[in-house]
Amino acid sequence: MTDPSAENLPFCLPLPSSTAIEVVGGKGSSLASLSAAGFPVPDGFHVTTGAYRRFLLVNKIESELIAMARPELVENAVSFDPAAKRIQALFDQCSVSEEIVEAIAGAYRKLSGNYLAVAVRSSATAEDLPNLSFAGQQDTYLNVTGVEALIGSVRNCWASLWTARAMSYRHQMEIGHGRIYMAVVIQRLLRAEVSGVLFTANPATGEREELIVNASYGLGEIVVSGEVTPDAFVLDRASLERKEAFIGEKERMVVANSDQGTRTIAVEQTRREQESLSNSQLNALASLALKVEKHFEGLPQDIEW
């Protein structure tokens with residue numbers, strides 16, 4: 001249930017200002033730490049868990065949400081799908097109070113006016129924690145432009161805490177639904193030519209002497225979501241030299257629309273057959289990734305770039 005101390009939380013904070021997971025969530029905490037340390041993190045701000053909690057309080061739905069978050073038998077299988085549909089309908093009926101809108105709009109305009117394209121990223125208070133994997137369970141929205149669209153995306157991120165997948169995972173891990181809150185990270189959108197994920201330990205084998213880079217054309221969500229077969233590069237940790245390379249099909253890429261949102265387009269056949277990163281780019285990525293790992297006390301990292 002709502003913590004009374006949350007009443008004193010500001011609704012928005014500059015990106016480097018807080019690494020408290022209970023305030024900015026797991027993803028927000030990691031990005032804040034990197035930004036404050038001078039790593040190349042796109043500028044932005046947090047919509048804190050205080051805003052989410054005030055949203056619940058003003059609309060008087062927190063107890064109702066927890067009561068709704070119950071599994072049901074659907075075709076002889078336990079499912080949270082019916083609960084998720086009811087909860088989404090409940091969120092659709094709720095409004096974001098003017099005080100929250102004004103706080104988000106003010107922080108957004110400080111970035112660069114009213115029409116800056118941003119990425120809107122969910123940051124739950126249980127993300128990026130040891131022995132838990134909430135990756136991909138909550139929503140991200142890319143190329144969001146304007147205050148109205150931004151507020152809608154933030155509310156959708158809050159609602160994504162209550163997807164069937166997220167509730168099912170919490171149920172399996174015996175995490176109470178009332179113990180998790182949602183912050184949102186707003187960052188300038190980078191219109192990437194190539195993007196992907198770098199692992200500072202081999203995720204398949206656990207090998208610490210290898211770095212794995214997955215890369216594809218366009219915005220990185222298509223790689224993170226597994227919707228495309230990316231290039232995969234295996235690098236030696238000590239020398240940063242390439243040990244192996246596997247050319248993925250890279251048949252599609254996600255790009256920003258001219259006005260709002262994204263679209264998926266086909267990649268030309270000749271580009272599909274080419275490596276998406278040069279050796280110098282791989283070396284630069286690997287060097288930066290090892291600095292990130294050192295910053296986080298040597299723990300293996302998976303880094304979106």
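Before any of the text, the structure's been laid out above.
Note that the structure is predicted; figures quoted are calculated from it, not measured. (Residues numbered from 1 in each chain as written. Predicted model: local features only at pLDDT ≥ 70, side-chain atom pairs only at ≥ 80, totals over all residues. Heavy atoms only, no water.)

Caption draft 1: Fine view of the environment of Ile104. Among the structural elements, Ile104 can be located in helix H5 (residues 98-112). Residue Ile104 is classed as buried on the basis of its relative accessible area, which comes to 1%. A sequence separation of 58 residues divides Ile104 from Trp162, and the C-alpha atoms of the two residues are 22 Å apart. Apart from the residues within four sequence positions on either side, Ile104 is in contact with Cys12, Phe45, Val47, Leu150, Ile151 and Val154. (Helix = DSSP H or I, 4+ residues; strand = E, 2+ residues; numbered from the N terminus. Buried < 20%, exposed > 50% of the residue type's maximum accessible area, 1.4 Å probe, protein only. Contact = heavy atoms within 4.5 Å.)

Caption draft 2: Layout of the sheet that holds strand E6 (residues 140-145). A sheet is described by the order of its strands in space; here five strands give the open sequence E1-E2-E7-E5-E6, paired in antiparallel fashion. Where the open sheet ends on each side, the last strands, each with one partner, are strand E1 (12-14) and E6. Within this sheet the neighbouring strands show an average axis-to-axis angle of 25 degrees, counted without direction. Taken together, the four bridges between strand E2 (residues 44-47) and strand E7 (residues 182-188) define a ladder with antiparallel strand orientation. Bridged to Val47 within E7 is Val184. Helix-sheet contacts for H5 involve E1, E2, strand E5 (117-124), E6 and E7, and the interaxial angle to E2 is about 170 degrees. (Pairing = 2+ DSSP bridges. Axes fitted to C-alpha atoms, helices over the stretch in contact; angles between N-to-C directions.)

Caption draft 3: Examining the pairing of strand E9 (residues 210-217) more closely. For E9, a buried count of eight out of eight residues is recorded, marking the element as mostly surrounded by other parts of the structure. Side-chain alternation along E9 places Glu210, Ile212, Asn214 and Ser216 on one buried face and Leu211, Val213, Ala215 and Tyr217 on a second face that is also buried. As paired elements, strand E8 (residues 194-199) and E9 share six bridges and run antiparallel to each other. Bridge pairing in E9 places Val194 opposite Tyr217. Two strands pair when backbone bridges link them, and E9 and strand E10 (residues 231-236) are joined in this way by six bridges, in the antiparallel orientation. In the sheet register, Ala215 faces E10, and the bridge partner there is Asp231.

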